[in-house]
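Structural features, examined
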Amino acid sequence: MTDVTGASVDVLHTLFHSDQGGHEQVVLCQDRASGLKAVIAIHSTALGPALGGTRFYPYASEEAAVADALNLSRGMSYKNAMAGLDHGGGKAVIIGDPERIKTEELLLAYGRFVASLGGRYVTACDVGTYVADMDIVARENKWTTGRSPENGGAGDSSVLTAYGVFQGMRASAQHQWGDPTLRGRKVGVAGVGKVGHYLVEHLLEDGAEVVVTDVREESVRRITDRFPQVVVAKDTDALIRTEDLDIYAPCALGGALNDASVPVLTAKVVCGAANNQLAHPGVEKDLADRHILYAPDYVVNAGGVIQVADELHGFDFDRCKTKAAKIFDTTLAIFARAKEDGIPPAAAADRIAEQRMSEARRA
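Report on the accompanying structure.

Here we take up the pairing of strand 8 (residues 209-213). Residues in a regular strand project their side chains so that they alternate between the two faces of the sheet. Within strand 8, four of the five residues are buried, leaving the element largely enclosed by the surrounding structure. Two strands pair when backbone bridges link them, and strand 7 (residues 186-190) and strand 8 are joined in this way by five bridges, in the parallel orientation. When the sheet's bridge partners are listed, valine 187 is paired in strand 8 with valine 210. As for the winding sense of the linkage, the β-α-β connection from strand 7 through helix 7 (residues 196-205) to strand 8 is right-handed. Bridging between strand 8 and strand 9 (residues 231-232) involves two bridges; their strand directions are parallel. The residue bridging valine 212 from the neighbouring strand is valine 232, located in strand 9.

Okay, here's the thing in structure tokens:
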């Protein structure tokens, strides 16, 4: 069902009436010459200009793209708040297969649309976009981060994203087993692309036993060529059923924790880099009922946004790494708040983030 504009009524209901809505602005962008179709969603600027990456993905429909932009931008508001950044939440999605339609002309057109927002939205890399792409976007838009060092940027944010997830995992181990080391723990990593392969390095250095899977064979091969001790599961379903798995790290796309995966998950801790891991709000209770500790995704994967936010003020890697290391303490604080309030960790993190945003609006 659609309204007079042709937009999905379900999408408009999400935007204006549901708990997943509440967005300040959603921009639909089209440049016929380059083939660009994009959605820019600004969820909140209560803490400052909205900051979030650009996802380039072959969505099944325009409605799916809009829904993803809404969900991802809302998540960025909470992520930035929990990371202590003076930024609100925003996200952009470009519709299409980047392997087929990504061109310089398309990226330049996208940059012009972002620039037209006058700094309300600051963009960066996400799934399907890379440092080289942001260098192109920056030619038309000064509010671009994730650029190469040669072009005044900080480079690949995956490095600190993985580092932050590792710190969140250490905190999870501390809470669950009383020791922050991963030594001797069996960790399953689903998705070993931009972030996942850096996470595997941290885990192996800390003495963990690692099992991986990825839909891209070349990504798995890159891991096993360097680290032959890593075990490979045939797919994610096999990975989450691995015997004696201690920790599950979803590091691909969202929705990994759902009604099908949670009942068969063997791990006692979930801590990964993927955004929007909970398929629906009830999943966090399902995890708690099975006594599975969940480290909220937008808290532990904030290392990348910490890095790109710092780029706006003159990038310093050591300063960023110090900030990302604090994800360990933030994660422990969330677990403590969850225990105190008698709620799942995801709900505790939301409460803390919402409190910071609410206080900023009143200031």
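Our next topic: the pattern of salt bridges. Going through the model one piece at a time under the given rule, you end up with 20 salt bridges. The residue aspartate 237 makes a salt bridge to arginine 241 at a minimum N-O spacing of 3.2 Å. Where arginine 337 meets aspartate 341, a salt bridge forms, and the shortest distance between an N and an O atom there is 2.6 Å. In this pair, arginine 337 and aspartate 341 both sit in helix 14 (residues 327-341), four residues apart, roughly one turn of the helix. The class of arginine 337 is partly exposed, set by a relative accessible area of 24%. Residue aspartate 341 is classed as partly exposed on the basis of its relative accessible area of 30%. Residues joined by salt bridges that share partners form a network here, namely Arg55, Asp68, Lys91 and Asp126.

With five of its five residues buried, strand 7 lies for the most part within the structure. Going residue by residue along strand 7, you find Lys186, Gly188 and Ala190 tucked away on one face and Val187 and Val189 tucked away on the opposite face as well.

Let us look at the side chain of aspartate 206. With respect to the helices and strands, the residue aspartate 206 is situated in the loop between helix 7 and strand 8. Of the buried charged residues, aspartate 206 lacks a salt bridge, with arginine 170 as the closest side chain of opposite charge at 5.4 Å. At a separation of 2.7 Å, a polar atom in the side chain of aspartate 206 contacts the main-chain amide nitrogen of leucine 182. Excluding residues within four positions of it along the chain, aspartate 206 makes contact with Phe166, Thr181, Leu182 and Arg183.

Met169, Val189, Leu199, Val200, Leu203 and Val210 are the most contacted members of the largest nonpolar core, which totals 41 residues. For this core, the elements supplying multiple residues, two or more each, are helix 6 (158-177), strand 7, helix 7, strand 8, helix 8 (217-226), strand 10 (247-250), helix 12 (303-311) and helix 14. If one sorts the elements of this core by residue count, helix 6 sits on top with five residues. The contact partners of valine 200, leaving out residues within four places of it in the chain, are Val189, Val192, Val210, Val212, Ile223 and Val230. Core analysis: the next-biggest nonpolar cluster, separate from the first, contains 22 residues, Phe56, Leu107, Met134 and Ile136 among them.

As a further point, take the packing of aromatic side chains. Under the criterion given, the structure shown has three aromatic pairs. An angle of 70 degrees between the planes, with centres 5.1 Å apart, marks the rings of tyrosine 57 and tyrosine 59 as edge-to-face. Taking the centre distance of 5.8 Å and the plane angle of 65 degrees together, the rings of tyrosine 78 and tyrosine 298 count as edge-to-face. Taken together, the positions of tyrosine 78 in helix 2 (residues 62-82) and tyrosine 298 in helix 11 (residues 297-300) put the pair 220 residues apart, joining distant regions of the chain. Given a relative accessible area of 10%, tyrosine 298 falls into the buried group. The side chain of arginine 185 reaches across the aromatic face of tryptophan 177, ending 3.9 Å from its centre. We note lysine 194 situated over the ring of tyrosine 130; from NZ or CZ to the ring centre the distance is 4.5 Å.

Analysis parameters
- Residues numbered from 1 in each chain as written.
- Predicted model: local features only at pLDDT ≥ 70, side-chain atom pairs only at ≥ 80, totals over all residues.
- Heavy atoms only, no water.
- Buried < 20%, exposed > 50% of the residue type's maximum accessible area, 1.4 Å probe, protein only.
- Helix = DSSP H or I, 4+ residues; strand = E, 2+ residues; numbered from the N terminus.
- Pairing = 2+ DSSP bridges.
- Right-handed = clockwise from strand over helix to strand, strands pointing away.
- Salt bridge = Lys/Arg side-chain N within 4 Å of Asp/Glu carboxyl O.
- Lys, Arg positive; Asp, Glu negative; His and termini not counted.
- Polar contact = N/O pair within 3.5 Å; in protein donor to acceptor, adjacent residues only side chain to side chain.
- Contact = heavy atoms within 4.5 Å.
- Core = buried A, V, L, I, M, F, W, Y, C linked by side-chain atoms within 4.5 Å.
- Phe/Tyr/Trp six-rings, centres within 6.5 Å; stacked < 30°, edge-to-face > 60°.
- Lys NZ or Arg CZ within 6 Å of the ring centre and 35° of its normal.

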